[in-house]
Amino acid sequence: MDNHKSSVFDWLKTTDSELNEIELEDIQLDSVVQQNIYKTIAQMLALEKSDDQVPIRGMLPVGDITCKGFWVENTKELVLYVWVGDQSRAIVVPQDGWGIREDITIN
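Please read these numbers as outputs of a predicted model, since none were measured by experiment.

**Q** Could you give an account of the nonpolar core, with specific residues and numbers?
**A** If you look at the biggest cluster of nonpolar residues, it comprises 15 residues, and the most contacted ones within it are Ile37, Leu78, Val82 and Val93. Of all the secondary-structure elements, those providing two or more residues to this core are helix H2 (31-48), strand E4 (78-84) and strand E5 (87-93). Sort the elements by how many residues they give to this core and H2 lands first, with five residues. Contact partners of Leu78, with chain neighbours within four places excluded, come to Ile22, Ile27, Leu29, Phe70, Trp71, Ile91, Val92, Val93 and Trp98. Among the nonpolar cores identified, the runner-up in size contains six residues, and Leu19, Val72, Val79 and Trp83 belong to it.

Cut-offs applied
- Note on numbering: residues in each chain are counted from 1, in written sequence order.
- Reporting of local features is limited, given that this is a predicted model, to residues whose pLDDT is at least 70; pairs of side-chain atoms are given and counted only at 80 or more, and all residues count toward the totals for whole chains, interfaces and linings.
- Only hydrogens and water are set aside; all other atoms, that is, all heavy atoms of the structure, feed into the side-chain values.
- Residues belong to one nonpolar core when they are buried, are Ala, Val, Leu, Ile, Met, Phe, Trp, Tyr or Cys, and are joined through side-chain atoms within 4.5 Å.
- Only protein chains enter the accessibility calculation, which uses a 1.4 Å probe; a residue whose area is less than 20% of its type maximum is buried, one above 50% is exposed, and one in between is partly exposed.
- Secondary structure elements are taken from DSSP: a helix is a run of H or I of four residues or more, a strand is a run of E of two residues or more, and numbering for both begins at the N terminus.
- Here a residue-residue contact requires only that any non-hydrogen atoms of the pair lie within 4.5 Å.

Below you can see the structure in the form of structure tokens.
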């Protein structure tokens, strides 16, 4: 089992069958939620890097960020498990703050 998924469902106190992995490219976020996620990641980067390495405001160095997405079956919340260096955060997005993009093909 994926170690990160195990950590997330332990933290959420849910079962493996209620936690479903989702591709980040398939997600559409509310603009306010997206800005809050960017702020959280920028704070994580600021703690991980010296001041001269912090990215220009509004730009995130995606190569330094790893993220997995999961949705919780019973609540329809989205959980983004983000880690930068040795830091990790679980960001919970309420059901009304995200959705599946309309321009994708579901197989």
